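For reference, the chains in residue letters:
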Amino acid sequence: MPNRISIRIDGELVQAERGQTIFEAAQSNNKFIPGLCQFKGLSTVGACRLCVVEVQGVNRLLPSCTTPAQDGMAVITKSARLNDYRRQSLELLFAEKNHVCAVCVSNNHCELQAYAQRLGVTNVRYAYRYPKLHVDMSHPRFVIDHNRCVLCTRCVRVCNEVEGAYVWGVAGRGIGSRIACEMDRAWGNSASCTNCGKCVQVCPTGALAEKGFAAEEMVKRQDLVERLATIRGTMNPGGPR
Amino acid sequence: MSQTITIPHVTRIEGHARVSIHLDDAGEVSGAQLHVTQIRGFEKFTEGRPYYEMPAITARICGICPVSHLLASVKACDAIMAVRIPPAAKLLRELLHCAQFVQSHALSFFHLSAPDLLLGMDADPAIRNIAGMIENHPQLARDGIALRRFGQQAIERMAGERIHPSWTVPGGVNKPLSSDAREAILSDLPVARSIARRTVKLIKSILDKFPEEIASFSNAPTMYAGLTSPAGELRWYDGLLRFVSQEGEQLAEVEDPVDYAEYIGEAAMPHSYLKAPYFKPRGFPAGEYRVGPLARLNVAARCGTPEADAELAEYRQRLGDRPQSAFFYHYARLIECLHGVERMERLLDERRILDTHVRATAGVNELEGVGIIEAPRGVLIHHYQVDEHGAITWANLIVATGHNNLAMSRGVEQVARHFIHNGKVEEGMLNRVSALVRAYDPCLSCSTHALGQVPLVIDIHGPQGEPLQTLTSAPAMSPPKSRPPSSA
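Everything numeric here is computed off the predicted structure, so don't read it as measured data.

### As for the overall build of chain A
Argument step 1. Counting its regular elements, chain A contains six helices and ten strands.
Argument step 2. For 241 residues, the compact-globule estimate of 2.2 N^0.38 gives 18 Å, and chain A sits close to it at 18 Å.
Argument step 3. With the C-alpha coordinates of chain A rotated into their principal frame, the extents come out at 50 × 45 × 30 Å.
Argument step 4. Across the 241 residues of chain A, 54% fall into the buried class.
Argument step 5. For chain A, long-range pairs separated by at least 24 residues make up 63% of all intrachain contacts whose partners lie at least 6 apart in sequence.
Argument step 6. As presented, chain A carries roughly 11,600 Å² of accessible surface, and 51% of it is formed by carbon and sulfur atoms.
Argument step 7. A distance of 2 Å separates the average location of the 30 positive side-chain charges in chain A from that of its 21 negative side-chain charges.

### Focus: the packing of helix α7 (residues 179–206) of chain B against helix α11 (residues 306–319) of chain B
Each pair of packed helices can be described by the angle between their axes along with the distance between the axes.
Residue and element names in this part refer to chain B.
Argument step 1. Look at α7 against α11: their axes get within 12 Å of each other, and the N-to-C directions meet at 5°. The angle between α7 and α11 places the two elements in the roughly parallel class. On α11, the residues touching Arg193, Arg197, Val200 and Lys204 of α7 are Glu307, Glu311, Glu314 and Arg318.
Argument step 2. Residues belonging to the contact of α7 with α11 are distributed by class as follows: one nonpolar, no polar and seven charged.

### Re the pattern of salt bridges
Argument step 1. Going through the model one piece at a time under the given rule, you end up with 43 salt bridges over all chains.
Argument step 2. Salt-bridge contacts for B:Asp238 lead to B:Lys75; the nearest nitrogen and oxygen are separated by 2.9 Å. Placement of the pair is B:Asp238 in the loop between β6 (223–228) and β7 (240–244) and B:Lys75 in helix α3 (residues 66–81), with a sequence separation of 163 residues.
Argument step 3. Among the ionic pairs, B:Arg235 bridges to B:Glu233, the shortest N-O distance being 3.4 Å.
Argument step 4. With a relative accessible area of 26%, B:Arg235 lands in the partly exposed category.
Argument step 5. Residue class for B:Glu233 comes out partly exposed when judged on its relative accessible area of 22%.
Argument step 6. Linked through salt bridges whose partners overlap, the residues forming this network are A:Asp84, A:Arg87, A:Glu91 and A:Arg125.

### Overview of the sheet that holds strand β8 (residues 250–254) of chain B
All names here are of chain B.
Argument step 1. The strand order across the open sheet built from four strands is β8-β7-β6-β11, with neighbouring strands paired in mixed fashion. Two strands in the sheet have a free side with no partner beyond their single neighbour: β8 and β11 (289–290).
Argument step 2. Taken together, the two bridges between β6 and β11 define a ladder with parallel strand orientation. Its bridge partner being in β11, Tyr224 is matched across the sheet by Arg290.

### So, the pairing of β8(B)
All names here are of chain B.
Argument step 1. As defined by bridge partners, β7 adjoins β8 across four bridges and the pair is classed as antiparallel. In the sheet register, Leu241 faces β8, and the bridge partner there is Val254.
Argument step 2. Joining the antiparallel neighbours β7 and β8 is a turn of five residues, in which Gly248 adopts a positive phi near 95°.

### Comments concerning the environment of B:Leu348
Argument step 1. Structurally, the position occupied by B:Leu348 is in helix α12 (residues 329–348).
Argument step 2. For B:Leu348, a relative accessible area of 0% translates into the label buried.

### Points about the nonpolar core
Argument step 1. In this structure, B:Ile21, B:Met158, B:Tyr315, B:Phe327 and B:Met344 are the most contacted members of the largest nonpolar core, which totals 105 residues.
Argument step 2. When residues in this core are grouped by element, the largest group, 17 residues, is from helix α4 (residues 87–119) of chain B.
Argument step 3. By size, the runner-up hydrophobic cluster in this structure holds 55 residues, among which are A:Val105, A:Cys149, B:Ile392 and B:Leu397.

### Observations regarding the interface of chain B and chain A
Argument step 1. Residue-level contacts link 17 residues of chain B with 17 residues of chain A.
Argument step 2. Taken together, the two surfaces of chain B and chain A that pack against each other cover about 1,400 Å², and 51% of this comes from carbon and sulfur.
Argument step 3. Considering only the side of chain B, the residues that lose the most area to chain A are B:Arg49, B:Tyr52 and B:His389, jointly responsible for 41% of the buried surface there.
Argument step 4. The interface formed by chain B and chain A holds three salt bridges in total.
Argument step 5. Between A:Glu217 and B:Arg359 there is a salt bridge whose closest N-O contact spans 2.9 Å.
Argument step 6. If you look at where chain B meets chain A, you find seven residue pairs in polar contact (both at pLDDT 80 or more).
Argument step 7. Across the side of chain B that touches chain A, the residue classes break down as seven nonpolar, five polar and five charged.

Procedures and definitions
- Residues numbered from 1 in each chain as written.
- Chains lettered and ligands numbered in written order.
- Predicted model: local features only at pLDDT ≥ 70, side-chain atom pairs only at ≥ 80, totals over all residues.
- Heavy atoms only, no water.
- Helix = DSSP H or I, 4+ residues; strand = E, 2+ residues; numbered from the N terminus.
- Rg over C-alpha atoms; globule rule 2.2 N^0.38 Å.
- Buried < 20%, exposed > 50% of the residue type's maximum accessible area, 1.4 Å probe, protein only.
- Contact = heavy atoms within 4.5 Å.
- Areas by Shrake-Rupley, 256 points an atom, 1.4 Å probe, with all protein chains shown as cover.
- Lys, Arg positive; Asp, Glu negative; His and termini not counted.
- Charge placed at Lys NZ, Arg CZ, Asp CG, Glu CD.
- Axes fitted to C-alpha atoms, helices over the stretch in contact; angles between N-to-C directions.
- Parallel < 35°, antiparallel > 145°, perpendicular 65-115°, else oblique.
- Nonpolar A, V, L, I, M, F, W, Y, C, P; charged D, E, K, R; others polar.
- Salt bridge = Lys/Arg side-chain N within 4 Å of Asp/Glu carboxyl O.
- Pairing = 2+ DSSP bridges.
- Core = buried A, V, L, I, M, F, W, Y, C linked by side-chain atoms within 4.5 Å.
- Buried area = accessible area lost by both parts, 1.4 Å probe.
- Polar contact = N/O pair within 3.5 Å; in protein donor to acceptor, adjacent residues only side chain to side chain.

Structure, rendered in structure tokens:
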């Protein structure tokens, strides 16, 4: 079977490798698809629903990060309908937790904020929930602020697949879901955390940050983790193909 | 029959306030209250946040003087980290603070108070605003805008943003001053100085037109509080918190900021969301004291810059050593404006101002930190307690307007007594009550209503509180649908 396949992205015929997802195929052909939970070198979970695309012959939207590209497939990555759904997903994220950009360590360096600007989220049509959430400052170097978490689970995956420490998991169900350290310990009491900080660097928002950074100061070094994840991730079970 | 007169909105101040005046059976004023009608809740909702986020969060208390809250907050954070910040950082923070004093004082005088002073207390509200100033005193309005722009631009050149900059951080500032920015601010200074000079001259020339206001605006002895150097020079960023009596007697000197609570008590007022701080050794309400420009000049021996000191000498020659009428807040404010410009020039000439080491780093070394500075409106105190990880467990903020709460209420009563007799409200009373409140330049929140008038309504209530009569002055212009931006 040939390793190269042909697909149509937004009407343009492009080449992709067999086994690539639609998201990867689009990226390798310089086609933009937004995505908050996807991270190069980590496994995919399809959690954020920002990367949805239209596939010809399929009457529902498919997450491009978990859908394999197939020979002859025709994909639409931008349309009014897609934009509307992506906006809704973002607005729901904003309404779900307490995202206050102005005072956030990641202001101006935040993926959630950047997508909101790019996709034209000028207002949120849903009522904010304003949940009362905890800020865990018990770790000597890092802090997790659940108010800013979008539950992308990048931290969970990078810790499992690249560092191999298995510190993070998801506790609770539905709207009560949250990232939890080990068996719901304070991060500072973690038995397995290696203090490597990869979870902090891959976090798309200010939910995970280094301590002592004032507003706007936290700039994540994702390139480092991306490289490491691509090299090491292949050796870890559950890593990318 | 006793009555209550309510002024539901005081315009051209920062925030929202209401005034109630109570009349006794004879129709004479029996009391007056200033109500601050909004609650913000910063002390409560910051619980659990990392202490180093406090500067950014508390700066949002105000859009007029965010720099004051930033600086009080970073000083409290410095105390929690127990660090001494690099010398350049200290100079830069003070420079930023001076720029903010200049812009805030310019806003207070030119945009908010000058319409009363130059167009007349009883002028038609339709023109008694900054737009009327532009029409009738175009040069002065231009001066006001230029002076405010000078301050705001200097803030932007240093901190990158005019409002809520993230430049000041616990431990110092996050970027050194560039020599370009220094040059740019220096080149704007001469114009700012000449405007400041002109405006002091102007206030001196119009003082004599307001004998009635001078006599009735909070014209009563109080204590005063303000920061000074050990030698008694005026200080805005860092200094000893001093309390002096009307007669000039030194009542207290707070060297370590943490000790402020020994001298300042806070009383909760049943009729207002604004608490009323008082000087503890004298008790409540005898411990009434004032802060702000008038108080600072009454506490300090001198300003420490030549032109401001010359003006201060003239001020004292004219008004006595410790003038007490709140009307002189305007005069004191303009002398401070001149001092601010002079001080900026000095700071920019400091040898270490361009140093690149501007930030100290540390973790949590103290579980409690207090930052005290002078905001344009007076002493500002941020007091935080944290757990060993640095999460805020308790916060207390005492803002300048709070310190003046008792004095403002008493001042309103005094103005009312002057203008209300036999249950008859004299023409101009409402305007003067508003003007008095404005003299204190209270910053009740982060919104300014420089344009757009809210109609003044007087509610007169009978003894059981039943409404008897409502007098309304028609709105001069309909309130703008969207708020004007809080800053030029």
